[in-house]
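Structural characterization, general
Chain residues, written in single-letter form:
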Amino acid sequence: MLVNIRGGRSTDLGIQTFFLQPKFIGVTTSRKIEIIHDEKNNLVVTDASYVFKVVADYDHHYILGILHSSLFSWCYTTSNQVMDV
């Protein structure tokens, strides 16, 4: 729960509570996949990042293993290639 600074009362700030949960954070400005898992809920996300969480109860190590696999890296690199014109 987040605290409303002006009134000192607790308020539900909706989407902001999402960032206080375990989440995956990735960098969008990289040519290769760079994703971490924030299991301590203490990382702040700025621009040029994407944030997601897995709805099902999977171990985050398995998700990171898939996202960092050679096949997924190839798919990511292939779909994000910049063509020289």
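What counts, and at which threshold
Residues numbered from 1 in each chain as written. Predicted model: local features only at pLDDT ≥ 70, side-chain atom pairs only at ≥ 80, totals over all residues. Heavy atoms only, no water. Pairing = 2+ DSSP bridges. Helix = DSSP H or I, 4+ residues; strand = E, 2+ residues; numbered from the N terminus. Axes fitted to C-alpha atoms, helices over the stretch in contact; angles between N-to-C directions. Contact = heavy atoms within 4.5 Å.

Moving on to the sheet that holds strand S3 (residues 23–27). Pairing in this open sheet of three strands is antiparallel, and the strands run S4-S3-S5 from one edge to the other. A single partner strand is all that each edge strand has here, and the edge strands are strand S4 (35–38) and strand S5 (49–52). Between one strand axis and the next, the sheet turns through 25° on average, direction left out of account. As judged from the four bridges shared by S3 and S4, these two strands associate in the antiparallel manner. Bridge pairing in S4 links Phe24 to His37.

On to the environment of Ala48. Residue placement: Ala48 occurs in the loop between S4 and S5. Sequence spacing of Ala48 and Thr29 is 19 residues, and the spatial spacing of their C-alpha atoms is 6.4 Å. If near-sequence neighbours (up to four positions away) are discounted, Ala48 is found in contact with Gly26, Val27, Thr28 and Thr29.

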